Amino acid sequence: MTDETLHHSEDHENVHHPRRNIVYFIIGSVLVAFALVLVSMSLYISSGAAQLDLSRPGYKAVQNEVEPSDTFVSFPASGEVNNTVIEQFLKLFRKQVKSVDNTDVFSPAALDEQALGLDSPPVEN
Amino acid sequence: MKSVFMSLTALLVATFVLTGLPVFAQDASEAMTDEHIARIKANCQAAMGTIGRIHAYDAPTYINRNQTYFSISDKMMARLNARLAVNRFDASALVKTASNYNDTLTQFRSAYKQYDDSMADILRMDCKRQPVTFYDKVRQTQEERRKVNEAVLELKSLIDQYEQGVESFQIQHAAQLSGVRS
């Protein structure tokens, strides 16, 4: 092999290395992005954030059912304490807890086998 | 030494046998008839539709409840407790109720998450191909929904307890609250 041929071959390798590096870089980036997506999805599911997310498919129809959170009035954390303050607190407290007075929510009867038509058929005599 | 080893082995075997027996008995008592499986297959698509609607309407109910329950703790209970502490009143009973309330709120959230995951699993199932698994999953999810409801009942009870606690506090500290502090 002549010197000229050797130089030519080295030049050829130098030309191809950057392209190979770009391919490695792209594959690496995709793998890192995939790993980050996996981590964020697992956090989204395990933290309970998914249960509060109504932008998920199938929840569009019920998005309007969510009440705005800024309607709840805060009781002042500082100031003197006397009979009037306690009365004011009790009045505000009773008013604001009214929305959660109903304890029928999440009643297990909604998933009753009979209501869903999944109970065992009646035995014929 | 050998007899001790033999006794321990016998004890272990007996434990496994005795703990295993009720499980076998339960499985046997819940064996499904072909008619029941056929009924599940026939009605499961309609049941899936109902379950899907329940699942969709549960979400805003949970979001609203979770928000209000948190606000009751954060914007009412914690603030009154802090105000009483700053004014050097003994509000230990109220603090304890508020702490129990926060623990129950955590239970409510985790119970709902478990229930919601099970509902999503049901909706992904092919109920016609796996009718028995589908039926078992519905029953399990019903139990998980019961736990969410129990947490709701417990939270309501603690809200009432806190209100009664404030009323008791008012009676106990009537003199101080009227401005005659000792």
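Residues numbered from 1 in each chain as written. Chains lettered and ligands numbered in written order. Predicted model: local features only at pLDDT ≥ 70, side-chain atom pairs only at ≥ 80, totals over all residues. Heavy atoms only, no water.

### Comments concerning the overall build of chain A
Okay, step 1: Helix and strand content of chain A: three helices and zero strands.
Okay, step 2: Sequence-ordered secondary structure for chain A, helices as α and strands as β, is α-α-α.
Okay, step 3: When the accessible surface of chain A is split by element, carbon and sulfur atoms take 59% of a total near 9,200 Å². (Helix = DSSP H or I, 4+ residues; strand = E, 2+ residues; numbered from the N terminus. Areas by Shrake-Rupley, 256 points an atom, 1.4 Å probe, with all protein chains shown as cover.)

### Focus on the interface of chain A and chain B
Okay, step 1: The interface of chain A with chain B comprises 56 residues on the first partner and 67 residues on the second.
Okay, step 2: Carbon and sulfur atoms supply 66% of the area buried between chain A and chain B, which totals about 5,700 Å² over both sides.
Okay, step 3: Interface area lost by chain A to chain B is led by Phe106, Leu111 and Leu118 of chain A, which between them contribute 15%.
Okay, step 4: Between chain A and chain B we count five salt bridges in total.
Okay, step 5: In this structure, Arg94 of chain A and Glu163 of chain B form a salt bridge, with 2.7 Å as the shortest nitrogen-oxygen distance.
Okay, step 6: Our count for the contact surface shared by chain A and chain B stands at 27 residue pairs in polar contact (both at pLDDT 80 or more).
Okay, step 7: Looking at the side of chain A that touches chain B residue by residue, the classes come out as 28 nonpolar, 17 polar and 11 charged. (Contact = heavy atoms within 4.5 Å. Buried area = accessible area lost by both parts, 1.4 Å probe. Salt bridge = Lys/Arg side-chain N within 4 Å of Asp/Glu carboxyl O. Polar contact = N/O pair within 3.5 Å; in protein donor to acceptor, adjacent residues only side chain to side chain. Nonpolar A, V, L, I, M, F, W, Y, C, P; charged D, E, K, R; others polar.)

### As for the state of the cysteines
Residues and elements named next belong to chain B.
Okay, step 1: On inspection of all chains with the given rule, the structure shows one disulfide over all chains.
Okay, step 2: What pairs with Cys44 in a disulfide is Cys127, and their sulfur atoms sit 2.1 Å apart. One disulfide, between Cys44 and Cys127, carries an S-S torsion of 65° and so falls in the right-handed class. Note that Cys44 is positioned in helix H2 (residues 34-86) and Cys127 in the loop between helix H3 (92-124) and helix H4 (131-172), a separation of 83 residues in sequence.
Okay, step 3: A residue is classified by how much of its surface remains accessible, and Cys44, at 0% relative accessible area, is buried.
Okay, step 4: Taking the relative accessible area as the measure of exposure, Cys127 reaches 1% and is therefore buried. (Disulfide = S-S within 2.5 Å. Buried < 20%, exposed > 50% of the residue type's maximum accessible area, 1.4 Å probe, protein only.)

### Observations regarding the packing of H2 of chain B against H4 of chain B
Residue and element names in this part refer to chain B.
Okay, step 1: Where H2 meets H4, the closest approach of the two axes is 10 Å, and the angle between their N-to-C directions is 20°. Regarding the angle of H2 to H4, the classification is roughly parallel. The handedness of the crossing between H2 and H4 comes out as left-handed.
Okay, step 2: For the contact of H2 with H4, the residue count by class is 23 nonpolar, two polar and four charged. (Axes fitted to C-alpha atoms, helices over the stretch in contact; angles between N-to-C directions. Parallel < 35°, antiparallel > 145°, perpendicular 65-115°, else oblique. Left-handed = near helix turned anticlockwise from the far one by under 90°.)

### Some remarks on the pattern of salt bridges
Residues and elements named next belong to chain B.
Okay, step 1: Inspection of the entire model under this criterion finds 11 salt bridges over all chains.
Okay, step 2: Across the pair Asp58 and Arg145 runs a salt bridge, and its minimum N-O distance is 2.8 Å. In this pair, Asp58 is assigned in helix H2 and Arg145 in helix H4, connecting sequence segments 87 residues apart.
Okay, step 3: The exposure class assigned to Asp58 is buried, which follows from its relative accessible area of 6%.

### Let's talk about the confidence of the model for chain B
Residues and elements named next belong to chain B.
Okay, step 1: Across chain B, the average pLDDT comes to 85, with 82% of residues at or above 70.
Okay, step 2: Low pLDDT (under 50) marks residues 15-29, which in the prediction has zero contacts with non-local residues, meaning those over four places away or in another chain.
Okay, step 3: In the predicted assembly, ipTM is 0.76 and pTM is 0.77. (pLDDT = per-residue confidence, 0-100.)

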